[in-house]
Amino acid sequence: MSMIEKADIEDLLKNIIDPNVETDLMSAHSVKSIDVHGGHVLVNIELGYPAKSFIDGFKLQITDQILALEGVSSADVNIIVNIVTHGVQNNLKPIANIKNIIAIASGKGGVGKSTTSVNLALALAAEGANVGILDADIYGPSIPTMLGLSGYPESQDNKTMMPKVSYGIQTISIGYLIEPDQPMIWRGPMVTNALQQLLNDTNWSNVDYLIVDLPPGTGDIQLTLSQQIPVSGAVIVTTPQDIALIDAQRGLGMFEKVNVPVLGIVENMSMHICSECGHEEAIFGSGGGMAMAEKNNLELLGSLPLDIHIRQFADSGRPTVVADPNGRATEIYKEIARKMSAKLALKSKDYSSKFPNIVVQNT
Ligand SMILES: Nc1ncnc2c1ncn2[C@@H]1O[C@H](COP(=O)(O)OP(=O)(O)OP(=O)(O)O)[C@@H](O)[C@H]1O
């Protein structure tokens, strides 16, 4: 029997693709160590994104492939998760106790941006991350309703607010501070101030990802926000309709302008599945999200169906990911959450690998 060597294991790991980053384990810099003693192989892997529902299956897949190599008698594969802080645009100052801010944006209203934000936040939490949501939709805050929360946030020092917590998610929203039927007639600068206060005056606790549910559109407010809040990445939610796509394209342009990397596109309401007969119908067209992703060299992170349960769960304050944890839609939300956070983890590695090698020459 031939002896197994570390290089053989490296070769194997170069051919195992992590589906969340869509890159092999070696190129993604996920392999921290490989030890080979006789026929025993020990591999330590570190993922930069939460992946509770994925790790066991992936570990088994890697172990089986190592065991199938000639000369291997036993294999141990350890996978740990380490979520770190990633870079932000224009060297803005990080917010205390928040590692990464991800903005969720849409070009136009009503495409399901808030529903997607809430479910992605819950999906990140289900995958093992500490998560917060900042409801930046000052004119139409919907996060409190979707998470079944209301009432004024508590304050322990009369200066800062405690986030209101639901299903383990820390949240803050202007909706907690105003009466539900109070009209919001603020001008741009007031809104920007209110938002900065919500972000900075909340006692966040050890947040890995703060999801910011931005207002729809790409006006001055969104632009100012994306210039003032230290955002690590953005996700664009769109429906497959042409008009929504045109607006979403503008959203993309806005983030490019302020140097915030767009992590990908989520297509919402992409297919209607009839609750009576199961028939699938592309009410808002089909393939639009994919076409847009391809055109902009971005990834379509996933597509959610137009599903009456998604609306009913969100309206009742118990979004899909908590109401139906084993359902297909939850699986899609978790997959998108993993891909989006994996993309973020990979981007900063890309960035660090772009630094030139410094060669010191002895003359
Ligand atoms: N995939 C889906 N299937 C069925 N209903 C959905 C889906 N996504 C969102 N909805 C419903 O569509 C409506 C609009 O969703 P939501 O409030 O999330 O949109 P939005 O883009 O945040 O809107 P706005 O920013 O204009 O307030 C809600 O009633 C929501 O429950």
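Owing to the predicted nature of the structure, the values given are computational and were not obtained by experimental measurement.

Before going further, it helps to spend a moment on the pairing of strand 9 (residues 169–173). The buried count for strand 9 comes to 5 of 5 residues, which makes it a mostly enclosed element. Relative to strand 9, strand 7 (residues 131–135) is paired through 4 bridges, and the arrangement is parallel. Its bridge partner being in strand 9, glycine 132 is matched across the sheet by glutamine 170. Here strand 8 (residues 164–166) runs beside strand 9; their pairing, made up of 3 bridges, is antiparallel. Its bridge partner being in strand 9, lysine 164 is matched across the sheet by threonine 171. With antiparallel pairing between neighbouring strands as the criterion, strand 8 and strand 9 make up a hairpin whose turn holds 2 residues, including tyrosine 167 at a positive phi of roughly 50°.

A few words on the domain arrangement of the protein chain. Often, the extent of an interface is quoted as the loss of accessible area upon association of its parts. Taken domain by domain, the protein chain holds domain 1 (6–81) and domain 2 (89–351). Averaged C-alpha coordinates put domain 1 and domain 2 at centres separated by 33 Å. Opposite the 13 residues of domain 1 that make contact, domain 2 presents 13 residues. The biggest single contributor to the side of domain 1 that touches domain 2 is helix 2 (residues 52–67), with 3 residues. By residue class, the composition of the side of domain 1 that touches domain 2 is 7 nonpolar, 5 polar and 1 charged.

So, about the environment of lysine 6. Structurally, lysine 6 is set in helix 1 (residues 6–13). A count of 12 C-beta atoms within 10 Å places lysine 6 in the exposed class. The spacing of lysine 6 and proline 163 is 157 residues in sequence and 49 Å in space, taken between C-alpha atoms.

We now examine the UniProt feature "binding site: ATP" (unreviewed entry) in the protein chain. Here, the residues flagged by UniProt with the feature "binding site: ATP" (unreviewed entry) are Gly107, Lys108, Gly109, Gly110, Val111, Gly112, Lys113 and Ser114. Checked against the element boundaries, glycine 107 lands in the loop between strand 6 (98–105) and helix 3 (113–126). The class of glycine 107 is buried, set by 24 C-beta atoms lying within 10 Å. Its place among the elements puts glycine 112 in the loop between strand 6 and helix 3. Judged by C-beta crowding, with 21 C-beta atoms within 10 Å, glycine 112 ranks as buried. In this structure, glycine 112 is in contact with Val237, Asn268 and Met269, ignoring residues within four places of it in sequence.

Reading guide: rules and limits
Residues numbered from 1 in each chain as written. Predicted model: local features only at pLDDT ≥ 70, side-chain atom pairs only at ≥ 80, totals over all residues. Buried ≥ 20, exposed ≤ 12 C-beta atoms within 10 Å, placed from the backbone. Helix = DSSP H or I, 4+ residues; strand = E, 2+ residues; numbered from the N terminus. Pairing = 2+ DSSP bridges. Domains from an automatic or database assignment. Contact = placed C-beta atoms within 7 Å. Nonpolar A, V, L, I, M, F, W, Y, C, P; charged D, E, K, R; others polar. UniProt positions renumbered as here; feature names shortened; annotations may be inferred.

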